[in-house]
Amino acid sequence: MFLIDKELLRPGVVYYPRSGPISFSDSDLGEICKASSDLLDSGRFPPIPLEHRDDAKPVKLSREDDLSEMTRHNTGWVQGFFRKFDGSLWSRLGVIDPDVAQKIKDGRIKYVS
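J.: Could you give an account of helix 3 (residues 98-105), naming the residues involved and the relevant values?
T.: If you check which residues of helix 3 are buried, you get Val100, Ala101 and Ile104. Taken end-on, helix 3 shows its buried residues confined to a sector of 100°, consistent with a single buried face. In helix 3, those exposed residues whose orientation departs by more than 90 degrees from the buried face are Asp99 and Lys105. Between the side-chain oxygen at the start of helix 3 and the backbone nitrogen of aspartate 99 there is a gap of 2.7 Å, and the oxygen is on aspartate 97. With its phi angle positive at about 90°, glycine 107 sits one or two positions after the end of helix 3.

Given below as structure tokens:
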């Protein structure tokens, strides 16, 4: 497994096209980090889907189709969450395929969550 650290959020205002500006304080990011880490501690590891679009809209799928899509586009699982000294929130991604890991690192695969 190849571990890749990816920045998720920084304290401040983030603009989301569908909902507008959302402000995240240092305290907010601390709570998100703890809740996300608690999720991992419970044994639930979120999948890492590839190349979702930043302007994507929800689509109603059956449970079977939803699971199939998740599996088809999955490249690994989130292994951890942490904060950096500047207050930013990061995830540690566990990517299985070395080619995919390299493409994420060098930016050829941009949208990974």
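J.: I'd like a description of the sheet that holds strand 4 (residues 47-49), backed by residues and values.
T.: Ordered in space as 1-6-5-4, the 4 strands form an open sheet in which the pairing is antiparallel. The sheet is open, and its two borders are formed by strand 1 (2-9) and strand 4, each paired with just one other strand. On average, each strand axis in the sheet is inclined to that of its neighbour by 45°, with strand direction left out of account. By the bridge criterion, 7 bridges tie strand 5 (residues 74-83) to strand 6 (residues 89-95) in an arrangement that is antiparallel. Along strand 6, the bridge assignment pairs phenylalanine 81 with serine 91. Contacting strand 1, strand 5 and strand 6, helix 1 (residues 26-41) crosses the sheet at an angle of about 130° to strand 5. Sheet contacts for helix 3: strand 1, strand 5 and strand 6; angle to strand 1, the most-contacted strand, approximately 35°.

J.: So what about the pattern of salt bridges? Which residues, and what values?
T.: Counted under the stated rule, the structure contains 6 salt bridges. Here arginine 92 ties to aspartate 5 by a salt bridge, and the two come within 2.6 Å at their closest N and O atoms. One end of the pair, arginine 92, is in strand 6; the other, aspartate 5, is in strand 1, and 87 residues separate them in sequence. The class of arginine 92 is partly exposed, set by a relative accessible area of 32%. On the accessibility criterion, aspartate 5 (36% relative accessible area) is partly exposed. The closest approach of N and O atoms between arginine 83 and aspartate 26, which form a salt bridge, is 2.5 Å.

Rules used in this analysis
- Residues numbered from 1 in each chain as written.
- Predicted model: local features only at pLDDT ≥ 70, side-chain atom pairs only at ≥ 80, totals over all residues.
- Heavy atoms only, no water.
- Buried < 20%, exposed > 50% of the residue type's maximum accessible area, 1.4 Å probe, protein only.
- Helix = DSSP H or I, 4+ residues; strand = E, 2+ residues; numbered from the N terminus.
- Arc of directions from axis to C-beta.
- Polar contact = N/O pair within 3.5 Å; in protein donor to acceptor, adjacent residues only side chain to side chain.
- Pairing = 2+ DSSP bridges.
- Axes fitted to C-alpha atoms, helices over the stretch in contact; angles between N-to-C directions.
- Contact = heavy atoms within 4.5 Å.
- Salt bridge = Lys/Arg side-chain N within 4 Å of Asp/Glu carboxyl O.

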